[in-house]
Amino acid sequence: MPRINKLYPLVEREVMRLVKNPSALMLIGLLVAFSILLVLSRSDKKPKMACWIVYPDQVLAAPPQGSQALFIRQLTTRADQTQNIRVVPFSQVAQYRRQRVYPAMTCAIELLDLPTEDRSGLGVGYRYPGGKSEVLEPFLRWFWPIAMEHFSQVTVAERAPSISRPTTAAAMVMEKLQSGSISELMNEDLAAAILLLIIQFVTCCQLIVSFTSQDRERGTLTALALSPITMTELLQAKILFHLGLSAIGSAAIIAVLKPAALMNLSLWVTLMLLGLGLASVGMVIASLTRSQSSASLLALCYMLVGGVVFYLATKFSAFALVKLLSFEHYSFGMVYVSLQRPMPIGRALELGPMLLLVVLWLTTATVLFRRRGWR
Amino acid sequence: MLSPAMPAPVTTAVEVRRETILIDALTVKYGAFTAVDRLSLSVRAGELFGFLGPNGAGKSTTIRVLIGARAPSYGRVEIAGHRLPRDFAKVKPLFGYVPDTENHVEEFSGRENLRLFAKLYGIPLTAVEVALARLELSEAADLPVRAYSKGMRKKLLIAREILHRPQILYLDEPTANLDRHSTDVVRKLLQELAANGTTVFLTTHDMEEVEQICDRVAILCRGRLVECDTPVNFMTRHAERKVLVQYERDAVVQRETLDLDDDHERDRLANIVRDESCVRLHSQEFQFEDVFLKLTGQAYS
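Scope of this entry: the structure provided in the associated data block. Note that the structure is a prediction, hence the values are computed from the model and not measured.

Quick notes on the rules
In this numbering scheme, every chain counts its residues from 1 along its sequence in written order. Naming scheme: in the order in which they are written, chains are lettered from A and ligands are numbered from 1. Only residues with pLDDT of at least 70 are given local features in this predicted model, and only at 80 or more are side-chain atom pairs given and counted; all residues enter the totals for whole chains, interfaces and linings. Working from all heavy atoms in the structure, the side-chain values ignore hydrogens and water. Stacked, tilted and edge-to-face pairs are distinguished by plane angle, under 30 degrees for stacked and over 60 for edge-to-face with tilted covering the rest, among Phe, Tyr and Trp rings (Trp via its six-membered ring) whose centres lie within 6.5 Å. Burial here depends on accessible area, computed with a 1.4 Å probe over protein chains only, as a share of the maximum for the residue type. Under 20% is buried, over 50% is exposed, and the range in between is partly exposed. A contact between two residues is defined here by any heavy atoms of the two lying within 4.5 Å. Defined in terms of a 1.4 Å probe, buried area is the accessible area two parts forfeit on being brought together, summed over both. When a carboxyl oxygen of Asp or Glu lies within 4 Å of a side-chain nitrogen of Lys or Arg, that pair is called a salt bridge. Think of a polar contact as two N or O atoms within 3.5 Å of one another; within protein, one of them needs to be a possible hydrogen donor and the other a possible acceptor, and neighboring residues in sequence only count if both atoms come from side chains. Only DSSP runs of H or I with at least four residues qualify as helices, and only runs of E with at least two residues qualify as strands; both kinds are numbered from the N terminus onward. Asp, Glu, Lys and Arg are counted as charged, while Ala, Val, Leu, Ile, Met, Phe, Trp, Tyr, Cys and Pro are counted as nonpolar; the rest, among them Gly, fall into the polar class. Arc, as used here, means the arc of the directions from the helix axis to the C-beta atoms. Two strands are said to pair when DSSP picks up at least two bridges between them. For helices, the axis comes from a line fit to the C-alpha atoms of the stretch in contact; other axes are also lines fit to C-alpha atoms, and the angle between any two N-to-C directions lies between 0 and 180 degrees.

**Quick look at the packing of aromatic side chains**
The tally for this structure, following the rule as stated, stands at nine aromatic pairs over all chains. Centre to centre, the rings of A:Phe143 and A:Trp144 are 5.0 Å apart; their planes meet at 70 degrees, and the pair counts as edge-to-face. By the burial criterion, A:Phe143 is buried, and A:Trp144 matches it. Between B:Phe95 and B:Tyr170, the aromatic rings sit 5.6 Å apart at their centres with planes inclined by 65 degrees, giving edge-to-face as the arrangement.

Rendered as structure tokens:
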């Protein structure tokens with residue numbers, strides 16, 4: 001069990017070191033400043049919601065004079081008169097893991113069943129971002145009069161109107177991020193998620209590597225290790241301080257960009273788990289290297305190798321397996337989703353493998369630090 | 001509760017002078033290289049023990065084993081009755097270690113550095129002021145350590161390691177980079193500590209220091225113990241009777257050091273005195289440094 005009276009002076013020492021090393025604080029300040037810039041560059045005009053009306057592909061193969069083809073043609077002609085309605089077949093909608101995904105700020109009216117000569121049913125499904133169905137309203141007011149006018153005798157089945165699935169899946173964002181084509185999906189949530197990831201890396205990995213290897217190079221760790229504190233307490237104090245620092249930095253970014261997410265517990269659990277994992281990686285690096293310069297270089301290499309593996313994973317299945325062994329892989333999607341709403345159960349399940357990997361890193365860091373990290 | 005028949009424990013002189021450091025056949029290997037080779041010695045409580053040797057003799061490696069920073073390859077090390085490295089946690093609070101290179105938190109002031117360690121040792125902060133005053137650092141206590149001279153840094157290290165009044169104090173070249181006055185302050189402090197029962201184990205290259213303050217000295221060379229005794233015994237056993245003679249030959253004054261224990265050189269001195277060419281004759285004092293050079297030279301040869 002850690003002794004608070006021993007942990008306190010160690011954490012206090014780390015705080016004092018940070019205060020006396022303003023470059024580290026400046027780096028965190030810079031990331032918060034980026035968030036403020038993002039807020040300042042918000043457009044005054046609310047971005048306009050668009051709507052896609054999506055129809056089955058077989059309509060294209062149906063006789064042109066048929067009722068279904070005429071209906072689609074009519075919708076297309078009317079849509080051309082607006083600026084924010086598009087009528088497209090299902091095949092033109094991007095798919096990710098058998099789910100249709102739409103661009104940001106887009107809702108959709110999916111025509112699942114169209115009336116035929118034998119049957120008068122019209123099956124409609126709705127998709128809308130952020131769980132706010134009211135965004136669909138103006139488009140429904142546009143769509144239904146046309147539908148009612150065309151099919152005078154029609155039974156309407158509105159399918160799953162309460163589904164609040166985001167139209168841009170987090171998983172797809174991740175894939176795009178890894179393949180470098182993120183710009184088309186970039187929005188404030190995504191920018192916030194990226195900034196949060198960077199601040200976690202800076203405070204929990206880069207800084208812990210820098211401070212610890214500096215301590216080691218100067219021999220300060222040996223001096224501390226020879227005092228009555230245990231190696232585990234020394235490690236705990238370091239991790240505690242860096243987690244606290246990352247929490248403050250993250251809170252500042254979230255408060256600026258997504259204040260509503262500040263109270264989202266799942267977001268904080270994910271961020272702290274990510275911070276713990278990165279701090280453990282940092283301690284492993286600092287324990288394996290003898291000088292501050294080589295430790296910083298190794299931390300940078302870790303980040304670059306991680307990026308390369310994520311990129312290669314989109315092309316080669318072997319790397320996809322490697323990617324699964326990285327706790328960072330699980331964290332991005334969870335942070336991105338948690339910034340928008342409470343984490344759905346399906347995604348929260350990813351906390352399991354992430355926790356396992358973080359515990360693995362933490363155990364390695366503890367063993368290495370106790371055996372050789374302070375010498 | 002003690003039974004009436006059982007006598008109360010009596011602290012005898014023998015118990016006070018018990019062995020604090022016990023090294024038995026210590027061997028430390030770095031791969032194929034043997035840094036310390038079957039070293040055996042013991043240091044008593046309250047003893048000021050000098051550990052000497054040329055560079056690379058294995059002094060620092062031995063200290064690293066004694067402070068628990070390295071495990072011995074073979075042999076047994078006991079500190080105040082606790083085995084190392086097994087009982088490292090029990091041994092840690094008992095000693096202070098002043099390394100040869102300073103290891104302060106550079107961004108902190110001298111006072112902040114000492115306060116940190118005072119808190120870790122759980123001792124009152126007043127001890128910090130006492131230690132600063134003892135090492136004559138009170139005036140510079142609030143300056144950042146990075147502004148300290150090498151000598152001040154060394155003194156701050158010593159102040160830090162005496163904060164908790166350790167039972168054993170290891171010092172690696174404690175007076176290196178110190179001016180004459182500071183050297184005297186440190187030597188006096190070490191003597192005081194030893195007088196109060198602290199075991200002081202120091203390595204140094206300053207032979208004058210060894211002669212002046214050490215109760216006993218061990219000389220190490222190539223990882224092996226050459227000899228261990230008091231400085232006086234070393235001098236008595238290894239002193240050489242030598243004279244420095246200046247004589248004139250062919251109108252040129254020449255100098256020569258002659259060993260009186262060597263028959264040939266003694267005859268030569270007699271000849272110089274006899275033929276009246278002798279200009280000056282000095283007996284040469286035998287220093288501890290000469291003993292050291294003689295012993296380590298023999299070890300190398």
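Past the structure itself, the notes keep going.
**A closer look at the interface of chain B and chain A**
Each partner contributes residues to the interface: chain B has 23 residues there, and chain A has 24 residues. Counting the surface lost from both chain B and chain A, the interface buries some 2100 Å², and carbon and sulfur atoms represent 62% of this. Three residues, B:Lys92, B:Glu107 and B:Leu120, lead the burial of chain B against chain A; their summed loss comes to 32% of the area buried on that side. Across the chain B-chain A interface, the total number found is three salt bridges. Between B:Lys119 and A:Glu12 there is a salt bridge; the shortest N-O distance is 2.9 Å. Put simply, chain B and chain A have nine residue pairs in polar contact (both at pLDDT 80 or more) between them. For the side of chain B that touches chain A, the secondary-structure elements that each account for two or more residues are strand 6 (95-98) and helix 4 (110-121) of chain B. When residues of the side of chain B that touches chain A are assigned to their parent elements, the largest contribution, six residues, is made by helix 4 of chain B. Grouping the constituent residues of the side of chain B that touches chain A by class yields 11 nonpolar, four polar and eight charged.

**Some points on helix 5 (residues 126-134) of chain B**
Residue and element names in this part refer to chain B. For helix 5, the set of buried residues is Val128, Ala131 and Leu132. Projection of helix 5 onto a plane perpendicular to its axis shows the buried side chains occupying an angular sector of 100 degrees, all on one side. Away from its buried face, by an angle of more than 90 degrees, helix 5 presents the exposed residues Thr126 and Val130. Positive backbone phi, approximately 60 degrees, marks glutamate 136, located one or two places after helix 5.

**Examining the environment of B:Leu202**
All names here are of chain B. Residue placement: leucine 202 occurs in strand 8 (residues 199-203). What makes leucine 202 buried here is its relative accessible area of 0%. For leucine 202 and cysteine 214, which are 12 residues apart along the polypeptide, the C-alpha to C-alpha distance reads 8.9 Å. Those residues in contact with leucine 202 that lie beyond four places of it in its chain are Leu48, Phe49, Gly50, Phe51, Leu171, Pro174, Leu190, Glu209 and Ile213.

**Re the sheet that holds strand 4 (residues 74-79) of chain B**
Residues and elements named next belong to chain B. The antiparallel open sheet is built from four strands, whose spatial order is 2-1-4-5. Taken across any chain shown, the strands that pair with only one partner, and hence form the sheet edges, are strand 2 (33-44) and strand 5 (82-84). For this sheet, the mean angle separating the axes of adjacent strands, direction not counted, is 25 degrees. Note: strand 1 (residues 19-30) against strand 2, eight bridges, orientation antiparallel. The partner of leucine 26 across the bridge, within strand 2, is leucine 39. Contacts between helix 2 (residues 59-66) and the sheet are confined to strand 1, strand 2, strand 4 and strand 5, with strand 1 contributing the most and set at about 120 degrees to the helix.

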